[in-house]
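So the chains spell out like this:
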Amino acid sequence: MKKLVRSLNLTSVIAISIGGMLGSGIFVLPGIAAAKTGPSLWLAYLLAAIFIIPAALSKSELATAMPSSGGTYVYIERTFGPIMGTISGIGLWLSLLLKSAFALVGFGAYMSVFSGADHDYSKYIAIFFLFLIMMLNIYGVKKVGKVQIFIVSLSLTGLILLLFFALPSIDPDLLEPSFTNGSYGLISTVAFVYISYAGVTKVAAIAGEIKNPGRNLPLSMLFSLFIMAIIYVSIAFVLVGNIPLNELSIDIKPIYTLAYSLGGKNVGYAAAALGIITLVSMANSGVLASSRFPFAMARDKLFPAFMSKLHPEKFTPFVTIFMTSLVMALAILFLDVEKIAKLASAFMVFSFMMVNTSVIILRETAVQWYNPKYKSPLYPYVQIFGIISGAVLLVLLGWLPFLSVFAVIILGIIIYYIYGSKAARIGVLRQYGHRPAMYLFYRRDRNKRRNKLRSVFENNDTSQDRDIISEAGVVVPLLGNERSAEMLTEIGAAINKKDKTLTINITEIPNQTFLDAVMSEDSNIASLKRRVGRLSEAKGLDIDFECVVTHNLSQTIYELSNQAHCDWLVLSWKGRDYNGILVNNPIGWLMTHINSDVALFKDNGVRYITKILLALRPGRKDKNFVAIVDRICKYYNASFTMLHVVPEDFPPVQAKEMKKNSEELITEVDSEGGVVVYKANNSIKAISEISADYDLLVIGTPVKDSWLDLLFGTGKDKFAESSACSVLRLTMRD
């Protein structure tokens, strides 16, 4: 299968990103925005650039994890599932087409400079050129796209020249008072001009064609955002400093007005021509991009099938191009420019809020396939700031945009249940969500939700696979995050009461990828197979090795343990099980669903186990834990110490009784053991210090004491995090 060629360097990507932002945000919007906040307009543009940084960083991360995915719609759909994919797809479609409609309104206004038509007639001029743009897109005039870089360069040059001549002529009296509507007016204007920067993230959709995307994609977004912020802020400043506010506030062709006031008729005509070229180019690219959202959703079975039809000769999605152009025409005819801009901003703010949330969910669930080459800095604070600031901006845009977003959510849910409810895909949140998240986004039906095993074994002898699984006392899933696959397998063999251990490499892929596409054995799997086989021969162990490809890691492990009737699952661990608000990671999901005992091994690099520390809370099934530690000691020919950490004011009589009971308990096993009762008010610090003298710390699962723990999970295991040696955490069902 052919792959996209990574041919775009950093300079090219910056040009494309700037092209996505340059247009109506500076040629049309400033006058209307100035009416809301006055001379502080430049500050509104600056704050809007800051508020969009989280979305740029989050989309950079998502794009490097899914470089050929196609953009925001797929990121949200993979994270939340088809229902939120439907809602976001509709929102993104409306946002882009409204932004393009806004550009065409401005285009009509700039055309009126030459035609002399009034405002109403300029709308019809915009409709006529929209028809031409629609025909260009349907019949695939590809050469139009090749002049994009030239248009961007021309527009930037013209704006910089205008800025150069406008700065000396600023009238300080026009800059006072800075805030005509106070702080509320400023922040509401930030929400209004937010759409000006939305194009900065468009390059995420072409991440598959960018050289070194882990570096060039975030750099291009941030650098182009920096350039455009300077342009927007500077142009806004010279506009309010040269044009009286009462004139600027009703002007939808402010660049022409500024140029005319500085250089007369001919300079004004040049600025108008520049605006026409820039805005029609923006409208064309907007129709091209926005029409692809309903087309992609129809192919994903979230929209009616007829919307995925291609032109029989030109192979363009003519149905969705026509639909997009029709909605744009209705917006131009029946909405005023301010409402169009507000609605476009509202839908984009909502989409970017979902993008920031997607990064949090994908990071916290730690799904195996999510492996971005670039990770957003200051996580999760940047994403939380993006979500909160987005919510504030959405409210400040007013009731109409807010209700429109709500209406899109309702419409998306209706369309999903009509067309998309049969889609086989499920989102990451549905796989690993806590109950609160499930109730927020999905109907929770355990019988419907539990899928059959969707794994593919590379060994075609399925009857042999079943025999292997049925005899395994311990199943050791390899998830790709192990420090040493051999050490994890050996720990599994050490606690195994039966002869056979099954080590199984599990590769999780996104739900949208066919399993057969990644079936072939690669060099890493061949290496794992060889190393596990060498361990089996060297230690005289009965170990089988298998490979599985799956869409749902946790469900696959769950089904394997059920088929095997194994005693233990042994997994690599980094000290966390439940990860954050509303979501689990795969291990957290297994801890609440699996029927077998679970051993989590945190490998801190210790390779020779001779001394084991067993640290338990009083009364935590001590006998069962001692039996497991005894098996490990026999395997490694090691000794162990049973540790009880008690408060410093713990009664001596009770401490003596505790030690006596534990000493009686360890006499029932064959391994050499001892008991220590250690007095310390900080048990975490105490175990951390004591563990330095041992090779392996064995602990139990912490008890969840508060309702917050039950709702959101326990996060990091502080004992495992602070341990100086490797840690084995045991969870026993009986």
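Residues numbered from 1 in each chain as written. Predicted model: local features only at pLDDT ≥ 70, side-chain atom pairs only at ≥ 80, totals over all residues. Heavy atoms only, no water.

Undergrad: Would you explain the overall build of the chain in this entry?
TA: A tally of regular secondary structure across the chain gives 31 helices and 11 strands. Counting every position in the chain, which comprises 734 residues, the buried fraction comes to 56%. Residue pairs in contact within the chain that sit at least 24 positions apart in sequence constitute 83% of those at least 6 positions apart. Roughly 31700 Å² of accessible area belongs to the chain as shown, and the carbon and sulfur atoms make up 59% of that amount. (Helix = DSSP H or I, 4+ residues; strand = E, 2+ residues; numbered from the N terminus. Buried < 20%, exposed > 50% of the residue type's maximum accessible area, 1.4 Å probe, protein only. Contact = heavy atoms within 4.5 Å. Areas by Shrake-Rupley, 256 points an atom, 1.4 Å probe, with all protein chains shown as cover.)

Undergrad: When you look at the nonpolar core in this model, what are you seeing that I'm missing?
TA: The tendency in soluble globular proteins is for nonpolar side chains to be buried side by side. Judged by nonpolar contacts, the single largest core of 144 residues is most densely connected at Phe27, Tyr45, Leu104 and Tyr197. The element best represented in this core is helix α6 (residues 82–115), accounting for 20 residues. Not counting residues within four places of it along the chain, the set of residues in contact with Tyr197 comprises Met21, Tyr45, Ala48, Ala49, Ile52, Leu225, Met228, Ala229 and Tyr232. (Core = buried A, V, L, I, M, F, W, Y, C linked by side-chain atoms within 4.5 Å.)

Undergrad: Could you clarify how one ought to interpret the side chain of Lys99 in this entry?
TA: Positionally, Lys99 belongs in helix α6. No salt bridge is formed by the buried Lys99, whose closest oppositely charged neighbour, Asp336, lies at an N-O distance of 18 Å. When near neighbours in sequence (up to four residues on either side) are disregarded, Lys99 contacts Gly20, Ser24, Ile195, Ala198, Gly199, Met282 and Ala344. (Lys, Arg positive; Asp, Glu negative; His and termini not counted. Salt bridge = Lys/Arg side-chain N within 4 Å of Asp/Glu carboxyl O.)

Undergrad: What am I meant to see in the pattern of salt bridges here?
TA: Opposite charge on two side chains permits them to pair, given that their charged atoms come into close proximity. Within the structure shown, the criterion is met by 10 salt bridges. Between Arg531 and Glu486 there is a salt bridge; the shortest N-O distance is 3.1 Å. Of this pair, Arg531 sits in helix α24 (residues 523–539) while Glu486 sits in helix α23 (residues 485–495); the two residues are 45 residues apart in sequence, bridging distant segments of the chain. Take Glu486: its relative accessible area is 18%, and that puts it in the buried class. Notably, a salt bridge pairs Arg607 with Asp603, separated by 3.2 Å at the nearest N-O pair. Among the residues examined, Arg607 registers a relative accessible area of 35% and is labelled partly exposed. The class for Asp603 is buried, based on a relative accessible area of 12%.

Undergrad: Help me understand the environment of Leu41, please; the structure alone is not making it clear to me.
TA: Within the secondary structure, Leu41 is located in helix α4 (residues 41–65). On the basis of relative accessible area, Leu41 is assigned to the buried category, the value being 0%. When sequence neighbours within four positions are dropped, the list of residues in contact with Leu41 reads Pro30, Ala33, Ala34, Thr189, Ala236 and Val240.

Undergrad: Would you explain a nonpolar patch on the surface in this entry?
TA: Taken together, the side chains of Tyr121, Tyr124, Phe322, Leu326, Leu330, Leu333 and Phe334 define a hydrophobic patch exposed on the protein surface, amounting to about 780 Å² of accessible area. Sorting the residues of the nonpolar patch by element identifies α7 (119–138) and α15 (318–334) as the ones contributing at least two each. Looking at which element gives the most residues to the nonpolar patch, the answer is α15, with 5 residues. Residue placement: Leu326 occurs in helix α15. Among the residues examined, Leu326 registers a relative accessible area of 43% and is labelled partly exposed. (Patch = residues over 30% accessible without salt bridge, like charges linked within 9 Å, V, L, I, M, F, W, Y side chains within 5 Å.)

Undergrad: Is there a simple way to think about α24 in this case?
TA: Given 3.6 residues per turn, any residue in an α-helix points the same way as the ones three and four places further on. A rise of 1.5 Å per residue sets the reference length of α24, with its 17 residues, at 24 Å; its end C-alpha atoms lie 24 Å apart and thus fit the reference within 8%. Taken together, the buried residues of α24 touch β2 (472–478), α23, β3 (500–508) and β4 (542–550). (Expected span 1.5 Å × (residues − 1).)

Undergrad: Is there a simple way to explain the packing of aromatic side chains in this structure?
TA: The description of an aromatic ring pair uses the distance of the two centres, along with the angle that the planes make with each other. This structure, assessed with the given rule, holds 13 aromatic pairs. In textbook terms, an aromatic cluster arises when at least three aromatic residues are bridged by ring pairs, as seen for Tyr45, Tyr197 and Tyr232. Sitting over the ring of Phe192, Lys36 keeps its end group 5.1 Å from the ring centre. Above the face of the Tyr694 ring, Lys611 is positioned so that its terminal group lies 4.8 Å from the ring centre. (Phe/Tyr/Trp six-rings, centres within 6.5 Å; stacked < 30°, edge-to-face > 60°. Lys NZ or Arg CZ within 6 Å of the ring centre and 35° of its normal.)

Undergrad: Any chance you could explain the pairing of strand β10 (residues 696–700) here in plain terms?
TA: Regular strands have side chains that alternate between both faces of the sheet. Of all 5 residues making up β10, 5 are buried, and the element is well covered by its neighbours. Side chains Leu696, Val698 and Gly700 project from β10 onto one buried face, and the interleaved Leu697 and Ile699 project onto a second face that is buried too. By the bridge criterion, 5 bridges tie β10 to strand β11 (residues 726–731) in an arrangement that is parallel. For Val698, the partnering residue across the bridge sits in β11 and is Leu728. (Pairing = 2+ DSSP bridges.)

Undergrad: What exactly am I supposed to notice about the pairing of strand β7 (residues 611–615) here?
TA: Extensive coverage of β7 is indicated by the burial of 4 of its 5 residues. Pairing between β7 and strand β8 (residues 639–646): 5 bridges, direction parallel. Pairing of Ile612 across the sheet is with Phe640, part of β8.

Undergrad: Please clarify how the environment of Asn637 should be interpreted in this entry.
TA: Tracing the chain through its elements places Asn637 in the loop between α27 (622–636) and β8. According to the relative accessible area criterion, Asn637 is exposed, its value standing at 71%. In the structure, Asn637 is positioned 35 residues away from Glu672 in sequence and 9.4 Å away in space, judged by C-alpha atoms.

Undergrad: Hey, could you run me through unusual backbone geometry in this one?
TA: Leaving glycine out, the prevailing phi sign among residues is negative, and the prevailing peptide bond configuration is trans. Residues Glu176 and Pro177 are joined by a peptide bond in cis, for which omega reads -10°. Its place among the elements puts Pro177 in the loop between α8 (148–166) and α9 (182–193). Cis peptide bonds are those with omega within 30 degrees of zero, and the linkage from Tyr379 to Pro380 qualifies with -5°. Mapped onto the secondary structure, Pro380 falls in the loop between α16 (337–365) and α17 (381–396). Of note in this structure, Leu378 is not a glycine but carries a positive phi near 55°.

Undergrad: How should the packing of α23 against α24 be read in this particular structure?
TA: The relative placement of two packed helices comes down to the angle between their axes together with the axis-to-axis distance. Close contact between α23 and α24 brings their axes to 10 Å; oriented N to C, the two are set at 45°. By the criterion of interaxial angle, the relationship of α23 to α24 is oblique. Along this stretch, α23 crosses α24, giving a crossing that reads as right-handed. On the side of α23, the interface is formed by Ala485, Glu486, Thr489 and Glu490, while α24 contributes Leu528, Arg531, Val532, Arg534, Leu535 and Lys539. For the contact of α23 with α24, a count of residues per class yields 4 nonpolar, 1 polar and 5 charged. (Axes fitted to C-alpha atoms, helices over the stretch in contact; angles between N-to-C directions. Parallel < 35°, antiparallel > 145°, perpendicular 65-115°, else oblique. Left-handed = near helix turned anticlockwise from the far one by under 90°. Nonpolar A, V, L, I, M, F, W, Y, C, P; charged D, E, K, R; others polar.)

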